[in-house]
Amino acid sequence: NMALVTAVSVLIIACPCALGLATPTAIMVGTGMGAERGILIKGGEALETAHKLTVIVLDKTGTITHGKPAVTEIVPAPGFDEHELLRLAASAERHSEHPLGAAIVRAGVARGVSLVEPSDFRAVVGHGVEATVEGRRLLVGKIALLDQAGIPSTLGVAAAELAARGRTPMFVALDGREAGVIAVADTIRPESKEAIATMHALGLRVVMMTGDNRRTAEAVASQVGVDQVFAEVLPQDKADKVKSLQAEGHVVGMVGDGINDAPALAQADVGLAVGTGTDVAMESADITLMRGDLRAVPQ
């Protein structure tokens, strides 16, 4: 009897101490194992919430894809030639921070066209750029940019065909008239499909979010097997899309790499920044994936 009372007394005193140590030890071991795999976890809360996630939202450019797009086709409008179209568009995009704009500039440099300095450059968030090149007014971007300026387009069918093949069509207008379409394609990371299949195996719903047009987005989505696509989402609306999923009762993980992903990363229950992206994204996120490899998400 005495032995039993003594044993129980020891257990009653010792147990709270063990429980008090168990949780921080588990978090320490978990974050340590993550760090070994290039997954930097900012705090215990992110780690605890991560196992409750029901939806993963993936930004397309730079996350599912490499984020290093290249020009694939140039379709001039009647009265324009390929060389001149590329020269003007690349000159207009010289100061653009957007990956698609940078791709047009790279194509111009690679083909040896002589770029000129634009004056009066303006980025139209989510749509494209406006610039004055050699005194001529240039628009480069989505069809919506031309629509807003009241410029009719005759290349809609050609652009739709390009989009169906996973290209992003960039419309160019010069002095109020359509000059052509430059198609840009971003290659899908080879590991993206496998990573998304693993997320499905964990019971997660996978959503892809992009500012790209719907045809291009659907073409990419069908190749990697996501469940739902949010296309043509303006940068400022990304966080609202995350909010709408949370309103449906989902616990949302958001994966992104860019400046315009930061509000959505902050809004998500767990924000995961791809370490090959911008510092702003990493600052806003709870978890940073040092490799640009989506397989780190299910890991």
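Residues numbered from 1 in each chain as written. Predicted model: local features only at pLDDT ≥ 70, side-chain atom pairs only at ≥ 80, totals over all residues. Heavy atoms only, no water.

**As for the sheet that holds strand β2 (residues 55-59)**
Phase 1 of the analysis: Taken in spatial order, the 7 strands line up as β1-β13-β12-β11-β2-β9-β10 in an open sheet, and their pairing is mixed. Each edge of the sheet is formed by a strand with only one pairing partner; in this case those strands are β1 (39-41) and β10 (228-230). When strand polarity is set aside, the average angle formed by the axes of neighbouring strands in this sheet is 20°.
Phase 2 of the analysis: Here β1 pairs with strand β13 (residues 287-289) via 3 bridges, running antiparallel. Of the residues in β13, the one forming a bridge with I39 is L289.
Phase 3 of the analysis: Packed on one face of the sheet, helix α9 (residues 214-224) meets β9 (205-209) and β10 and runs near 150° to β10. (Pairing = 2+ DSSP bridges. Helix = DSSP H or I, 4+ residues; strand = E, 2+ residues; numbered from the N terminus. Axes fitted to C-alpha atoms, helices over the stretch in contact; angles between N-to-C directions. Contact = heavy atoms within 4.5 Å.)

**Digging into the sheet that holds strand β7 (residues 168-174)**
Phase 1 of the analysis: Within the open sheet, the 6 strands sit side by side as β3-β8-β7-β6-β5-β4. Their pairing is antiparallel. Looking at the sheet topology across the chains shown, the edges are occupied by β3 (70-76) and β4 (119-124). The mean angle between the axes of side-by-side strands here comes to 20°, regardless of whether they run parallel or antiparallel.
Phase 2 of the analysis: Across 4 bridges, β4 lies against strand β5 (residues 128-133) in antiparallel orientation. Paired with V124 across the two strands is G128, which belongs to β5.

**Here's the deal with the packing of helix α7 (residues 156-164) against α9**
Phase 1 of the analysis: As a packed pair, α7 and α9 sit with axes 7 Å apart at the nearest point and diverge in direction by 20°. By the angle class used here, α7 and α9 are roughly parallel. The element α7 and its partner α9 pack so that their crossing is right-handed. Listed contacts from α9 to A160, A163 and A164 of α7 are R215, T216 and A219. (Parallel < 35°, antiparallel > 145°, perpendicular 65-115°, else oblique. Left-handed = near helix turned anticlockwise from the far one by under 90°.)

**Focus: a nonpolar patch on the surface**
Phase 1 of the analysis: A cluster of nonpolar side chains, namely L4, V8, I12 and I13, defines an oily patch on the protein surface of about 440 Å² accessible area.
Phase 2 of the analysis: Note on placement: V8 falls in helix α1 (residues 2-36). (Patch = residues over 30% accessible without salt bridge, like charges linked within 9 Å, V, L, I, M, F, W, Y side chains within 5 Å. Areas by Shrake-Rupley, 256 points an atom, 1.4 Å probe, with all protein chains shown as cover. Salt bridge = Lys/Arg side-chain N within 4 Å of Asp/Glu carboxyl O.)

**Some points on the packing of helix α4 (residues 82-92) against helix α5 (residues 99-110)**
Phase 1 of the analysis: Where α4 meets α5, the axes come as close as 8 Å, and the angle between the chain directions of the two elements is 130°. Here α4 lies oblique to α5, going by the angle between them. Between α4 and α5 lies a crossing whose hand is left-handed. Listed contacts from α5 to L86, A89 and A90 of α4 are I104, V105, A107 and G108.
Phase 2 of the analysis: Class assignment of the residues belonging to the contact of α4 with α5 gives a composition of 6 nonpolar, 1 polar and no charged. (Nonpolar A, V, L, I, M, F, W, Y, C, P; charged D, E, K, R; others polar.)

**Here we look at the environment of I74**
Phase 1 of the analysis: Here I74 is to be found in strand β3.
Phase 2 of the analysis: In the structure, I74 is positioned 12 residues away from L86 in sequence and 7.8 Å away in space, judged by C-alpha atoms.
Phase 3 of the analysis: Not counting chain neighbours up to four residues away, the residues in contact with I74 comprise E82, L85, L86, R111, V181 and I182.

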